[in-house]
Amino acid sequence: MQEAEKKTDSGIEIKKVYTCNDLPTHLNETLLPGEFPYTRGVQSDMYRGKLWTMRQYAGFSTAEESNKRYHFLLSQGVMGLSVAFDLPTQIGYDADHSLAEGEVGKVGVSICSIEDMEILFKDIPLDKISTSMTINSTGFILLALYIALAKKRGIDLKQLAGTIQNDILKEYAARGTYIYPPKHSMRIITDIFEYCGQHLPKWNSISISGYHIREAGSTAVQEVAFTLSNGKAYVKAAIEKGLDINVFGKRLSFFFNAHNNLFEEVAKFRAARKMWAIIMKDLGATDEKALMLRFHTQTGGATLTAQQPLNNISRVTIQTIAAVLGGTQSLHTNGFDEALGLPTQEAASIALRTQQIVANESGITDTADPLAGSYFIESLTNELEQKALALINQIDEMGGAVSSIENGFMQNKIAESAYAYQKAIESKEKIIVGVNQFESTSTTNIPVFQIDESIRIQQIEKLKALKNTRDNIKVVACLAAVKNAAAGTENIMPSVIDAIENYCTLGEIADVLRGIYGEYQA
């Protein structure tokens, strides 16, 4: 009987056994962690020197409720906050907009003004913790809100540490929370690069995200290729604006997914680091910190199952180990109940404990890049790199990431992979425990976290009060200044920060730019 062929989820064939003959020829050189091209990690001692930042992605309902969750997570050992925003906030609508109905506070926290921001971060020292914000089309407004809050508290902006996702290209390719056309979105992003380079030296001005590309159905190879292609597009746009690659390059960060195929995921992270170092060198970077790919990882939301949800704890553990063996700088672990709804406090606590157990009990952190030299891992890293490079070359031939998105290339490739994966599950070629094999008829009574519909009413009342008490003459002047900056060539960030400080709302600022740039139609 012929043995069935084994392949990774990206379709890379796996041999029955690997030997020294499978090692890439370049491994004859002695490559160490912390040395170019950083395949083995960006630090020489990796986690022996400092553990990754343990984050829990959280945000729901009102700013008051999210603030309570943040304080709970910080008390449990979280080392940095990761903020989730609701859909209206993500696409530039205040809670009182008709299109916000039914979505306020549902998949993240509702933020309309600096008043909400003050409540969200009440009693949280912005100069002592790092904050990651998952926001893209309105990323410039949320960054302005964070800056305005810090200024109001008298905090030196040079002390602010964190990341704003600010990755609009993956929104066009995979996720859909875009507002403005690509050309204008790229202008906003490079304005953020410039402003952060001048005023926020510790702030990562973008988190180039493969996470949502993978969630949409891509393979690991496509996740790397499309993410790094998007990264190249941002770098080229910043260079065209006259920015120094050795300055803004240090503040670029990445955001990857971690799935269940342990060895492919480890190889993916190692390959991505090497590829980005070479890409940045080819684009003119010489500072070693501008060559390093630093990344946050989140465990795979799409891998969680509503069937037998407690099994998700095992999946998240495998993915955590993959991220750590792959050398992540920051990690969020999903709650076991997230296929059913937002994570409960208990699920979030177990997810955090998973990271802490891996960090303190597994021994994985005792040495840098512990899988280096493995015949299988080194061969897989090399093969994944070659396949991803082939895709990047295709995209380059089209004129780059923006062109490949505008002509539908990335979207079509992701859709094809998602379809093939679903077919494999339905045919049982791909086994998902509890879904298409080892099913159970028993039910598990997992409590589901519910968001009250009254949240929107509360937010609308707060907005009414704000608009009745603010200086509306100043508001009109501030919005006019934002319009002039956006229509001209000056950096938009100072005028947006000024508008926020004078109580303009997120929706009002986003609408000013809608009036100038229009909305992108896919």
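For every chain, the first residue of the written sequence is number 1, and numbering continues from 1 onward in sequence order. Only residues with pLDDT of 70 or above have their local features reported here, since the model is predicted, and side-chain atom pairs are shown and tallied only from 80 upward, although totals for entire chains, interfaces and linings are computed over all residues. Only heavy atoms go into the side-chain values, all of them from the structure, while hydrogens and water stay out.

Right, let's talk about the packing of aromatic side chains for a bit. Each aromatic ring pair is described using two quantities: the centre-to-centre distance and the angle formed by the ring planes. Here the aromatic set is Phe, Tyr and Trp, taking the six-membered ring for Trp, and pairing holds for ring centres within 6.5 Å; pairs whose planes are under 30 degrees apart are stacked, those over 60 apart are edge-to-face, and all others are tilted. Summed over the entire model, instances satisfying the criterion amount to 19 aromatic pairs. Consider the rings of Y47 and W52, whose centres lie 5.1 Å apart with planes at 75 degrees: the pair is edge-to-face. Measuring from centroid to centroid gives 5.3 Å for F121 and Y146, while their planes differ by 80 degrees, and the two rings are edge-to-face. Taken as a pair, F121 in the loop between α3 (114-120) and β5 (130-134) and Y146 in helix α4 (residues 139-152) lie far apart in primary sequence, 25 residues in all. Among the aromatic residues, those joined into a cluster by ring pairs are F254, F256, F269, W276 and F295. Above the ring of F36, the side-chain terminus of K281 is found at 4.6 Å from the ring centroid. Here a helix means four or more residues in a row that DSSP labels H or I, a strand means two or more in a row labelled E, and each is numbered from the N terminus. Whether a charge sits over a ring comes down to the Lys NZ or Arg CZ being within 6 Å of the ring centre and within 35 degrees of the ring normal.

This part is about the packing of helix α1 (residues 63-75) against helix α13 (residues 345-361). Following both chains from N to C, one finds α1 and α13 inclined at 35 degrees, their axes separated by 11 Å at the closest point. When you trace α1 past α13, the crossing you get is right-handed. Where α1 abuts α13, its residues R69, F72 and L73 lie against Q345, A348, S349 and L352. Under this scheme, a helix contributes an axis fitted over its contacting stretch, all axes are lines through C-alpha atoms, and angles between N-to-C directions fall in the 0 to 180 degree range. Two helices crossing with the near one rotated counterclockwise from the far one by less than a right angle form a left-handed crossing, whereas a clockwise rotation gives a right-handed crossing. Contacts are assigned to residue pairs with any non-hydrogen atoms lying within 4.5 Å of each other.

In space, the nine strands of this open sheet follow the order β7-β6-β5-β4-β3-β11-β10-β9-β8, with parallel pairing throughout. A strand with exactly one partner marks an edge of an open sheet, and here the two such strands are β7 (203-204) and β8 (206-209). The criterion for strand pairing is that DSSP finds at least two bridges linking the strands in question. Note: strand β10 (residues 295-299) against strand β11 (residues 330-332), three bridges, orientation parallel. Within the sheet, the bridge partner assigned to H296 lies in β11 and is S330. With respect to the sheet, helix α12 (residues 312-325) is in contact with β9 (252-258), β10 and β11, its orientation differing from that of β10 by roughly 165 degrees.

Let us look at the packing of α4 against helix α6 (residues 182-199). For the pair α4 and α6, interaxial distance at closest approach is 11 Å and the crossing angle is 25 degrees. Classified by the angle their axes make, α4 and α6 are roughly parallel. Judged by residue contacts, F140, L143 and I147 of α4 engage I188, I192, Y195 and C196 from α6. By the definition adopted for this analysis, an angle is roughly parallel if under 35 degrees, roughly antiparallel if over 145, roughly perpendicular if from 65 to 115, and oblique otherwise.

Right, let's get into empty space enclosed by the protein. Space inside and on the surface of the protein is sampled on a 1 Å grid over the protein atoms alone, with a cavity defined as a set of points where a 1.4 Å probe fits but cannot get out and a pocket as an open set with protein on both sides within 12 Å along at least 5 of 7 lines; lining residues have an atom within 4 Å of a point. Grid points are joined across faces, edges and corners, and a volume is the space filled by probe spheres set on the points. Taken as a whole and judged by the stated rule, the model has six cavities of 30 Å³ or more. Estimated volume of the largest cavity: approximately 80 Å³. Lining the largest cavity are 15 residues, and of these V324, L325, G327, D369 and P370 lie nearest its centre. Residue type decides the class: Asp, Glu, Lys and Arg count as charged, Ala, Val, Leu, Ile, Met, Phe, Trp, Tyr, Cys and Pro as nonpolar, and the leftover types, Gly among them, as polar. Of the residues in the lining of the largest cavity, the class split is seven nonpolar, five polar and three charged.

Take the pattern of salt bridges next. Definition used for salt bridges: Asp or Glu carboxyl oxygen within 4 Å of a side-chain nitrogen of Lys or Arg. Enumeration over the complete set of coordinates arrives at 28 salt bridges. For E223, the salt bridge is made with R214, and the minimal N-O distance between the two is 2.8 Å. Residue E223 is classed as buried on the basis of its relative accessible area, which comes to 0%. Think of it in three bands: with a 1.4 Å probe and only protein chains considered, a residue is buried below 20% of the maximum accessible area for its type, exposed above 50%, and partly exposed in between. You can call R214 buried: its relative accessible area is 4%. Residues E265 and K268 are paired through a salt bridge, measuring 2.7 Å at the closest nitrogen-oxygen approach. Highlighted residues: E265 and K268, both in helix α10 (residues 262-282), separated by three residues, approximately one helical turn. By relative accessible area, E265 is classed as buried at 0%. Accessibility expressed as a relative area gives 0% for K268, which makes it buried.

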